[in-house]
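Fold and contact review
Here is how the chains run, residue by residue.
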Amino acid sequence: NLKQLNEQMAREAINLTQALKGDNKAQGNWGEVVLARVLSESGLREGHEYQTQISLENEEGKRYQPDVVVRLPQEKDVVVDAKMSLVAYERFFNAETAAEQELALSEHVASVRSHMRGLSRKDYHQLHGIRSLDYVLMFIPVEPAFQAAVEADPSLIRDAMDQNIMLVSPTTLLVALRTINNLWRNERQNQNAKQIAERAGKLYDKLRLFVTDMEAV
């Protein structure tokens, strides 16, 4: 199912990327649509395990609006950013010569690095109202665009982590979110077990006191 979902999203994303022809705003909106699809398939619930388009302030009063904040057990949050530009990748995909492909690919890698630098300066973990981990998930909504950038420059992954950023594609993000969903399921099971143990303890105490009173009678 994961493979089929990934192939479907990749086909749709490539078709749309071809149609967008460099429209940054439309591509940003499409990234949010793909992100919403991944979230819906993860098992997480909006308003419970994740929130979208929330507005937060830093200590200086400047406002930020992360695309998605995913809640984790143990009072931790993960920010997902989906505003990756695919203008250069669209040119790479539709290039007719090897020279055009090479130039567009280098611009695509540069675009990824530029977005990484922009994210690293936002310091989401310092915003009020968020309990963020010290890294951000940078979502590249088109799987082949993610693969092309990493294959062209394998150091992207390491450099991103050095800036407290993790690059994710639809497949890797879905795996991460499914893992988080399993963590929440285990957390709820542990909470239920704790409540059962507490109630059983109270029931035992009441029964013990009742027996003591009956013996006294």
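Here we summarise the structure given alongside this text. (Residues numbered from 1 in each chain as written. Predicted model: local features only at pLDDT ≥ 70, side-chain atom pairs only at ≥ 80, totals over all residues. Heavy atoms only, no water.)

This paragraph deals with the packing of aromatic side chains. For the structure shown, the criterion picks out two aromatic pairs. Taken together, a centroid distance of 5.9 Å and an interplanar angle of 40° make the contact between tyrosine 89 and phenylalanine 92 tilted. Of this pair, tyrosine 89 and phenylalanine 92 are both found in helix 3 (residues 87-94), three residues apart, which corresponds to roughly one turn of the helix. For the residue pair tyrosine 89 and phenylalanine 92, the accessibility class agrees, reading buried in each case. When the centroid spacing of 6.2 Å and the interplanar angle of 45° are considered together, the rings of tyrosine 89 and phenylalanine 93 count as tilted. Of the two residues, tyrosine 89 and phenylalanine 93 both sit in helix 3, four residues apart, roughly one turn of that helix. Using a relative accessible area of 2% as the deciding quantity, one classes tyrosine 89 as buried. In this structure phenylalanine 93 comes out as partly exposed when scored by relative accessible area, which is 35%. Here the aromatic residues Tyr89, Phe92 and Phe93 are joined through ring pairs into a cluster of three or more. (Phe/Tyr/Trp six-rings, centres within 6.5 Å; stacked < 30°, edge-to-face > 60°. Helix = DSSP H or I, 4+ residues; strand = E, 2+ residues; numbered from the N terminus. Buried < 20%, exposed > 50% of the residue type's maximum accessible area, 1.4 Å probe, protein only.)

Let us now look at the nonpolar core. Ranked by internal contacts, the top residues of the largest apolar core, which has 30 residues, are Val112, Met116, Met138 and Leu167. Secondary-structure elements contributing two or more residues to this core are helix 3, helix 4 (98-120), strand 6 (132-139), helix 5 (143-152), helix 6 (155-162) and strand 7 (165-168). At six residues, the largest contribution of residues to this core is made by helix 4. Contact partners of leucine 167, with chain neighbours within four places excluded, come to Val112, Met116, Met138, Phe146, Leu156, Ile157 and Ala160. Leu35, Tyr50, Val70 and Val80 belong to the second-largest nonpolar core, a separate cluster that totals 23 residues. (Core = buried A, V, L, I, M, F, W, Y, C linked by side-chain atoms within 4.5 Å. Contact = heavy atoms within 4.5 Å.)

Below, the discussion takes up a nonpolar patch on the surface. A grouping of Leu207, Phe210, Val211 and Met214 is seen on the molecular surface, where their side chains present a nonpolar patch of about 400 Å² in accessible area. The residue phenylalanine 210 is located in helix 7 (residues 170-216) in this model. (Patch = residues over 30% accessible without salt bridge, like charges linked within 9 Å, V, L, I, M, F, W, Y side chains within 5 Å. Areas by Shrake-Rupley, 256 points an atom, 1.4 Å probe, with all protein chains shown as cover. Salt bridge = Lys/Arg side-chain N within 4 Å of Asp/Glu carboxyl O.)

It is worth spelling out the packing of helix 4 against helix 6 at this point. With their axes 10 Å apart at the nearest point, helix 4 and helix 6 run at an angle of 10° to one another. In this view, helix 4 runs roughly parallel relative to helix 6, as classed from their interaxial angle. Contacts from Val109, Val112, Arg113 and Met116 of helix 4 reach helix 6 at Ser155, Leu156, Asp159 and Ala160. Per-class residue counts for the contact of helix 4 with helix 6 are five nonpolar, one polar and two charged. (Axes fitted to C-alpha atoms, helices over the stretch in contact; angles between N-to-C directions. Parallel < 35°, antiparallel > 145°, perpendicular 65-115°, else oblique. Nonpolar A, V, L, I, M, F, W, Y, C, P; charged D, E, K, R; others polar.)

Across the interface, helix 3 lies against helix 4 with an axial gap of 8 Å and an inter-helix angle of 160°. Between helix 3 and helix 4, the crossing angle belongs to the class labelled roughly antiparallel. Remark: the crossing between helix 3 and helix 4 carries left-handed chirality. Of helix 4, the residues touching helix 3 (which contributes Ala88, Tyr89, Arg91 and Phe92) are Gln101, Ala104, Leu105, Glu107 and His108. For the contact of helix 3 with helix 4, the class distribution of residues is five nonpolar, two polar and two charged. (Left-handed = near helix turned anticlockwise from the far one by under 90°.)

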